[in-house]
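Residue strings, one per chain:
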Amino acid sequence: MSVRQAAPARNCHDAPVRDIYEAIRLVELAGFVALGVFAIRMWASRRTPAHAWLAATFGILGGIVVFDRIIPADSDVLWTQWADRILVAVLALFPYCLYRFMLTFRPRIPWVFAVAHVATGIVVVWSLLLPEVPDEGEPRTAAFTAYLIAFLVHWTGLSLLVAVRLWRAGTGQPTVARRRMRTLALGAIGLAVALLISGSSGSDTEITPARLAVQLFALASAPLFLLGFAPPASVVALWRRHEENELREAEIGLMTAMAPKEVAESLLPRVVRLVGGDGAAIVGSNGAVLGVYGMHDRDVRVLAEKSVGRPPAEDVEVTDDLLWVPMPSGAWLMVTTTAYMPFFGREDSRALLALGVMTDLALGRASLFERERRNVDTMRDFVAIASHDLRTPTAVINGYATMLDSKWSDLPEAQRRDMTATIRRQSVHLSRLIEDLLTISQIEAAGIRTMPDEIPVEEAVREIVKDLGDAAEGVRVEIDPALRLYADHEHFRRIITNYLRNASVYGAPPVLVEGHREGRSAVIRVIDHGAGVPPEFAPRLFQKFARADKKMSKATQGTGLGLSIVRGLARAAGGDAWYVPNQPSGSIFAVRLPSASPANSREEQ
């Protein structure tokens, strides 16, 4: 059997039909050759498994139609008979390569994969070992008919499998990706229909309607394939009209957003719809999560850690069904997607680049507004705290100092000692209050200075516990001696000191400090077994000037800034701080800071 359609019979006198037939064949030849060249060029520029199998698929088809025209139609010559067999054997690889192209996007089904391998091998070997190939016009033998049936079943089976899976996978995809996938599916169906008509129409040498239908179906499949894997820009623009509306709405939302939360709420749902994903997140250049939609918090924290130190990119990157959209400031827009999106939705993912730039500008503008609002709030809070918290110790110091100055000789020695001790305590309290106010102001203004260095965590924590004395009596430290983090030593000391003082004031023994490594971070937890934090107060724990009920503590003095400072220092170092209840009772205060990498390790330098 020749893969070539027989040339019009010499005894055919219908010249117009013959001319139409030849014209269709020439256009078909040009179409499939162009497909092959285009697919190979795409593979040469992108070098992905999907592009490699696509180049093999249409390279085979383009090569066959070229050689089919070159090899003379002379069945009496031995080498032409073998050339025909080889071309048919190679043709049998087309649906297999198309099937392997589809497998680059989804997990294989083992038994289907095995059947496809075995069936393709059988058809290829059978094509080469056919003992006799009937000429056109000759009756088909039973052996040849059996082979032809096997060939058609193999081809149509794999082609329909690919078409059905691509069609179904298009559901839920963005418009461009969905239409590309389904157009490619229609192309596979069209070529399978052409082959079925050709195989069932006999070997008549006359130009029949069936033979014209074969050529027309084959001709129609070429532009369908081209639209499927490389649609022209005008077609993409037509398909993307709905997504363009989503983009415009997202851009308008970004222009009107006044806070990072509003930026995320305006952008992320539309981005998810744009690329047909499940969720999205915005992560700052320091790993801080600025917004989440449709993703689990734990997964976002892991991605945030991976984003820290990630090299900048100029294009959208794809890893594990996740789109990484870079922003000029070093922040990232992350969007979960399907395996089909990078290939079929490349136009939509590229549109995210421009959206990423606008998002970066919107976040910068929102940050300015947020900073201005925080400055106003800080000033108002400062005035409030200054009117009470600063006034009280100042009044005590002033009153006792005045009394000591005017009645020193009249006061008993014991009373003088008590008054000077009170002045000393109030001075320490006043000094700590001023230091807290200055620190929180620096944090709010993003002006906190850090001097990161490698810190051996266990050694540093034991030193803090020792310096606290009675306030940290009975504290157990269970930290891996090899654990090291990279942060400002004084800031780390201040964080752990605050946690331990809180455990002493509000908690109850036993108190445990534990630490371990999680990914690229070190996590330290201070655990106590007291009454815990009331659920209604927990959301406000790390807010400025938040104070617990005095009935919960053994002391009444406090600035209400301690935990706010802890979180601010942790985030300034690229980490975070949080609280979770301890079970069955008590509190767990945790901090996550960057672990020391080998590049920062003194021991390895």
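Counting restarts for each chain, with residues numbered from 1 along the sequence as it is written. Selection of residues for local features in this predicted model requires a pLDDT of at least 70, selection of side-chain atom pairs for listing and counting requires 80 or more, and totals for whole chains, interfaces and linings are taken over all residues. Hydrogen atoms and water are omitted, and side-chain values are computed over all heavy atoms in the structure.

K.L.:
Teacher, can you tell me more about the sheet that holds strand β3 (residues 317-319) here?
P.N.:
The strands making up a sheet are joined through hydrogen bonds of the backbone, oriented either antiparallel or parallel. For two strands to count as paired, DSSP must find a minimum of two bridges between them. Put simply, DSSP marks the helices as runs of H or I at least four residues long and the strands as runs of E at least two long, and each gets a number from the N terminus on. Taken in spatial order, the five strands of this open sheet run β2-β1-β5-β4-β3, and their pairing is antiparallel. Of all the strands in the sheet, just β2 (289-293) and β3 have a single pairing partner and so form its edges. Strand-to-strand twist of the sheet, defined as the mean angle between neighbouring strand axes without regard to direction, takes the value 15°. Inspection of the sheet shows strand β1 (residues 280-283) paired to β2 by four bridges, in the antiparallel sense. In the sheet register, Val283 faces β2, and the bridge partner there is Val289. Two residues form a contact once any of their heavy atoms are found within 4.5 Å. Axis angles are defined between N-to-C directions and span 0 to 180 degrees, where every axis is a line fitted to C-alpha atoms and, for a helix, only to the segment in contact. Packed onto the sheet, helix α11 (residues 260-275) meets β1, β2, β4 (322-326) and β5 (332-336) and runs at close to 45° relative to β2. Taken strand by strand, helix α12 (residues 297-307) contacts β1, β2, β4 and β5, and its axis lies near 45° from that of β4.

K.L.:
Sorry if this is basic, but what is going on with the pairing of strand β11 (residues 576-581) here?
P.N.:
A regular strand places its side chains so that they alternate between the two faces of the sheet. Pairing geometry for β11 and strand β12 (residues 587-594), over six bridges, is antiparallel. Looking at the pairing, Trp578 lines up with Ala590 of β12. Turn length for the β11-β12 hairpin, with the two strands adjacent in sequence and antiparallel, is five residues, and the turn residue Gly586 shows positive phi of about 110°.

K.L.:
What is the right way to look at the sheet that holds strand β9 (residues 512-518) in this model?
P.N.:
Taking strand neighbours across the sheet as the criterion, the five strands line up as β7-β9-β10-β12-β11 in an open arrangement whose pairing is mixed. Unpaired on one side and paired on the other, β7 (476-479) and β11 mark the two borders of the sheet. When the angles between neighbouring strand axes are averaged without regard to direction, this sheet yields 20°. Sheet topology places strand β10 (residues 521-527) next to β12; seven bridges connect them, and they run antiparallel. Bridging across to β12, Ser521 finds its partner in Pro594.

K.L.:
Even after reading the chapter, I still don't get the pattern of salt bridges, so can you show me in this structure?
P.N.:
Should the charged atoms of two oppositely charged side chains come close, the side chains can pair. Salt bridge, as applied in this entry: a Lys or Arg side-chain nitrogen positioned within 4 Å of an Asp or Glu carboxyl oxygen. As enumerated under the stated definition, the model contains 10 salt bridges in all. In this structure, the salt-bridge partner of Arg476 is Glu478, at a minimum N-O distance of 2.3 Å. Relative accessible area decides the class of each residue, using a 1.4 Å probe on protein chains only: under 20% of the type maximum gives buried, over 50% gives exposed, and in between gives partly exposed. The partly exposed category is assigned to Arg476, whose relative accessible area is 41%. With a shortest N-O distance of 3.5 Å, Arg525 and Glu518 are connected by a salt bridge. Here the residues in one salt-bridge network are Glu413, Arg416 and Arg417, joined through shared partners.

K.L.:
Got a minute to help me understand helix α16 (residues 457-468) in this structure?
P.N.:
Because an α-helix packs 3.6 residues into every turn, residues spaced three or four apart end up facing the same way. With 12 residues, α16 should reach 16 Å at 1.5 Å per residue; the first-to-last C-alpha distance of 17 Å fits that figure. Every buried residue belonging to α16 is among Val457, Glu458, Ala460, Val461, Ile464, Val465 and Leu468, and all of these are buried. One side of α16 holds all its buried residues, which, seen down the axis, span an arc of 165°. Across from the buried face of α16, at angles greater than 90 degrees, the exposed residues are Glu459 and Lys466. Residues of α16 that are buried sit in contact with β6 (452-456), β7, β8 (484-488), α17 (489-506), β9 and β10. Residue Gly469 follows α16 closely and has a positive phi angle near 65°. By this rule the span expected of a helix is its residue count minus one, scaled by 1.5 Å. The arc in question is formed by the directions pointing from the helix axis toward the C-beta atoms.

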